[in-house]
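Structural overview
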Amino acid sequence: MHVCVLGAGIVGLATAWLLVQQGHEVTVLDRAVPGAGASGGNGAQLSYSYVQPLADPSIWAQLPKLLLSPDSPLKLRPQLDPLQWRWGVAFLAACNARTSRDTTARLLALAAESRTGFERMRAELAPDCDFSATGKLVLYANEAGLAGARAQVELQRTMGSVQRLVSPDECVAIEPALARYAGQIVGAVHTPSECAADCLKVCEALARALQARGTRFLLDTEVRGFDVRQGRIAAAKTSEGDLPADAFVMALGTASHRLARTLGTWLPVYPLKGYSITVDVDPAPGAAPQVSVTDSARKVVFARIGGRLRVAGMAELVGHDASIPAARIDSLVAATRAVFPGASAMTDLQPWTGMRPATPTGLPILGRLPNAPQNMLFNTGHGALGFTLAFGSAQRVAAALGK
Ligand SMILES: Cc1cc2nc3c(=O)[nH]c(=O)nc-3n(C[C@H](O)[C@H](O)[C@H](O)COP(=O)(O)OP(=O)(O)OC[C@H]3O[C@@H](n4cnc5c(N)ncnc54)[C@H](O)[C@@H]3O)c2cc1C
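Note that residues are indexed from 1 along each chain, following the sequence as it is written. For this predicted model, a pLDDT threshold of at least 70 governs which residues receive local features, and a threshold of 80 or more governs which side-chain atom pairs are given and counted, while totals over whole chains, interfaces and linings are taken from all residues. To obtain the side-chain values, all non-hydrogen atoms of the structure were used and water was disregarded.

Focus: the overall build of the chain
Where helices and strands are cited, they refer to DSSP runs of H or I of at least four residues and of E of at least two residues respectively, numbered from the N terminus. Secondary structure assignment for the chain yields 10 helices and 20 strands. The C-alpha radius of gyration of the chain comes to 21 Å, within 12% of the 22 Å expected for a compact globule of 403 residues. Expressed as lengths along the three principal axes of its C-alpha atoms, the size of the chain is roughly 65 × 45 × 45 Å. When accessible area is computed with a 1.4 Å probe and restricted to protein chains, residues below 20% of their type maximum are described as buried, those above 50% as exposed, and intermediate ones as partly exposed. Out of the 403 residues in the chain, the part that is buried amounts to 56%. Within the chain, counting contacts between residues at least 6 apart in sequence, those at least 24 apart form 77% of the total. Within these notes, the globule rule equals 2.2 Å times the number of residues to the 0.38 power, and the radius of gyration is based on C-alpha atoms. Any two residues whose heavy atoms approach within 4.5 Å at even a single point are treated as in contact.

Here it is, written out as structure tokens:
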């Protein structure tokens, strides 16, 4: 079967990889280059155990501060956009214990499949992607935060996660670069099995490997709509002309909603904007972290990728505005200086912004939908976990397509 994968982010490329393994002829199309979207500068975490959705009951207590505080990591700019409002209402409806628990269980299962898929790809391709499996610490600044984390650890224990609460001293034993910050935390959750890698390098390695195996790449080519005949998509309409195929996979990240609308399908995928910086680190032992660290108070993640530190955070509901305000980058710099004062001279920051393709519940949209042409499969809406979930989602979509 000839399958056209729309979108060369990590999700589209992982899908193409699985489809080629399954024996399909694959064309990958992107309006830019592989990894140009949210996959390019993300938090670099393969966060297989930290899948708790943003839509959580604890959001109700935090919401006023998150929305009103000037230095809040969450920002809402209300717009005349029905998607933003419908998404917001559905998000709040999902902020209850039962939905959050159900989503966590489903995402843990998908993440476990994804770990297996990623490892299989790594064994075959050995991509140069600054991969590490040094584990992760999520730091808590107060007892209330730690109590919530304890409850989540207990819940996830019943779902098979191996995590434990650790004291500030234990944090320093696990990650010596936290020595100067340990006094500002009351404890952390440690997950020894978490991994990190440079998602852009994974995208580039997959694109190279696919090309070497005969996959056609149509880059700088925008998909604008579809030629639908008798309920099936005959071709994707692109800036370079029509592209016929037997089946299509929509992996367009935050553009998925708009393109699905041309098929009469409503996808609840909204951009959740974030930022990152990437800095060279001081190689001296204990200066920069080896372990991935999330500072839950600042809502900032730190991941070591080779000789660099990726620092990422913030969640803004501001539409598709791709500007990078200096204040947001300053805030990431300040967080880095506070948590890891000796990590980097921070001369070159490489500021970046990206849009998480977020669904209200946090669950991605995988496979066929009843109200869309049956030769269109969806693989989108991975929110804050697209790198983590890419290979599991790709396996499910490839299985749904069949031979
Ligand atoms: C600040 C930040 C930190 C993050 N940290 C992590 C993390 O630590 N771990 C993790 O697992 N996830 C993380 N994520 C989420 C993760 O980056 C995303 O979920 C993931 O990149 C989504 O991949 P994708 O392939 O679906 O979308 P994208 O990477 O956005 O790819 C979509 C592709 O579609 C193309 N496209 C769009 N419209 C068209 C069109 N009309 N025609 C042709 N091509 C088009 C784009 O050019 C793009 O290449 C983070 C995201 C952000 C923003």
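Moving on from the coordinates now.
Comments concerning the pattern of salt bridges
For salt bridges, the criterion is a side-chain nitrogen of Lys or Arg within 4 Å of an Asp or Glu carboxyl oxygen. Evaluation of the coordinates by the stated rule reveals 16 salt bridges. Residue Arg 115 pairs with Glu 194 through a salt bridge whose shortest N-O separation is 3.9 Å. With Arg 115 in helix α4 (residues 97-125) and Glu 194 in the loop between β7 (187-191) and β8 (195-196), this residue pair connects regions lying 79 residues apart in the sequence. According to the relative accessible area criterion, Glu 194 is buried, its value standing at 1%. With a closest N to O distance of 3.0 Å, Asp 130 and Lys 201 form a salt bridge. Of this pair, Asp 130 sits in the loop between α4 and β5 (136-140) while Lys 201 sits in helix α7 (residues 199-212), and the two are 71 residues apart along the sequence.

As for the nonpolar core
Note on terminology: a nonpolar core comprises buried Ala, Val, Leu, Ile, Met, Phe, Trp, Tyr and Cys residues joined through side-chain atoms within 4.5 Å. In this structure, Ile 10 and Phe 391 are the most contacted members of the largest nonpolar core, which totals 48 residues. Counting only elements with at least two residues in this core, the list comes to β1 (2-6), α1 (10-21), β2 (25-29), α4, α7, β13 (247-250) and α10 (386-401). In contact with Phe 391, not counting residues within four places along its chain, are Ile 10, Ala 14, Trp 17, Leu 18, Ser 114, Gly 117, Phe 118, Met 121 and Leu 206. Membership of the second largest hydrophobic core comes to 29 residues, among which are Leu 139, Val 166, Tyr 181 and Met 314.

Digging into the pairing of strand β11 (residues 232-238)
A pair of strands is treated as paired once DSSP finds two or more bridges between them. Sheet topology places strand β10 (residues 223-229) next to β11; 6 bridges connect them, and they run antiparallel. The residue of β11 that forms the bridge with Gly 225 is Lys 237. Linking two consecutive strands that pair antiparallel, namely β10 and β11, is a turn of 2 residues; a positive phi of about 45 degrees is found at Gln 230 within it. Note that β11 and strand β12 (residues 241-244) share 4 bridges and pair antiparallel. Note that in β12 the partner of Lys 237 across the bridge is Asp 242.

Comments concerning the sheet that holds β10
Strand order in the open sheet made by the 3 strands is β10-β11-β12, with antiparallel pairing throughout. Edge positions in the open sheet fall to β10 and β12, since each of these has one partner strand only. Mean inter-strand twist for the sheet, computed between neighbouring axes without regard to direction, equals 30 degrees. The axes are straight lines fitted to the C-alpha atoms, using for helices just the contacting stretch, and the angles between their N-to-C directions are given from 0 to 180°.

Some remarks on the packing of aromatic side chains
Where two aromatic rings form a pair, the distance of their centres and the angle of their planes describe that pair. Two aromatic rings from Phe, Tyr or Trp, using only the six-membered ring of Trp, form a pair when their centres are within 6.5 Å; if the ring planes differ by under 30 degrees the pair is stacked, by over 60 it is edge-to-face, and anything between is tilted. Per the counting criterion, the structure on display carries 6 aromatic pairs. With a centroid separation of 6.1 Å and 85 degrees between ring planes, the pair formed by Phe 118 and Phe 387 is classed as edge-to-face. Linking Phe 118 in helix α4 with Phe 387 in helix α10, this pair joins segments that are 269 residues apart in sequence. Taking relative accessible area as the criterion, Phe 118 reaches 0% and is therefore assigned buried. Where Phe 118 meets Phe 391, the ring centres are 5.6 Å apart and the plane angle is 85 degrees; that geometry is what we call edge-to-face. Separated by 273 residues along the polypeptide, Phe 118 in helix α4 and Phe 391 in helix α10 bring together distant segments of the chain. Its relative accessible area of 0% is what places Phe 391 among the buried residues.

Focus on the environment of Glu 204
Relative to the helices and strands, Glu 204 is located in helix α7. Assessed through its relative accessible area of 35%, Glu 204 is described here as partly exposed. A C-alpha to C-alpha distance of 17 Å links Glu 204 and Gly 43, two positions 161 residues apart in sequence.

As for the layout of surface pockets
The pocket and cavity definitions rest on a 1 Å grid over protein atoms only: a 1.4 Å probe that fits but cannot leave marks a cavity, an open set with protein on both sides within 12 Å along at least five of seven lines marks a pocket, and residues lining either have an atom within 4 Å of a point. Grid points are joined across faces, edges and corners, and a volume is the space filled by probe spheres set on the points. Roughly 170 Å³ of volume is contained in the second largest pocket. Residue lining of the second largest pocket: 13 residues in total, with Tyr 48, Ser 49, Leu 108, Ala 112 and Ser 161 positioned closest to the centre. Here the residues of the lining of the second largest pocket sort into 8 nonpolar, 4 polar and 1 charged. Any residue outside Ala, Val, Leu, Ile, Met, Phe, Trp, Tyr, Cys, Pro, Asp, Glu, Lys and Arg is labelled polar, Gly included; the first ten of those are nonpolar and the last four are charged.

With respect to the site of the ligand
Surrounding the ligand, one finds 34 residues, the nearest of these being Asp 30, Ser 39, Gly 43, Gly 383 and Thr 388. What qualifies as a polar contact is a pair of N or O atoms within 3.5 Å, subject to a donor-acceptor requirement within protein and to the restriction that residues adjacent in sequence count only when both atoms come from side chains. One nitrogen or oxygen atom from the main chain of Gln 45 is found 2.8 Å from a nitrogen atom belonging to the ligand. Every accessible area reported is derived by Shrake-Rupley at a probe size of 1.4 Å, with residue values counting cover from the shown protein chains alone. In the complex, the protein chains occlude 96% of the 1000 Å² of accessible area that the ligand would expose alone. Among the elements of the structure, α1, β14 (270-280), β18 (352-358) and α10 are those that each provide at least two residues to the shell around the ligand. A total of 4 residues in the shell around the ligand trace back to one element, the largest contributor, which is β18. Within the shell around the ligand, the residues separate by chemical class into 16 nonpolar, 14 polar and 4 charged. If a single non-hydrogen atom of a residue is within 4 Å of a molecule or strand, that residue counts as near it.

Re a nonpolar patch on the surface
To count toward a patch, a residue needs a relative accessible area over 30% and no salt bridge; like charges are then connected within 9 Å, while nonpolar side chains (Val, Leu, Ile, Met, Phe, Trp, Tyr) are connected within 5 Å. Taken together, Leu 67, Leu 68 and Leu 76 make up a surface patch of nonpolar side chains, about 300 Å² in accessible area. Within the secondary structure, Leu 68 is located in helix α2 (residues 59-68). Assessed through its relative accessible area of 70%, Leu 68 is described here as exposed.

What to know about the side chain of Thr 336
In this fold, Thr 336 is placed in helix α9 (residues 326-339). A distance of 2.7 Å separates a polar atom in the side chain of Thr 336 from the backbone oxygen of Leu 332. Excluding residues within four positions of it along the chain, Thr 336 makes contact with Ile 277, Phe 302, Leu 309, Val 311, Pro 341 and Met 346.

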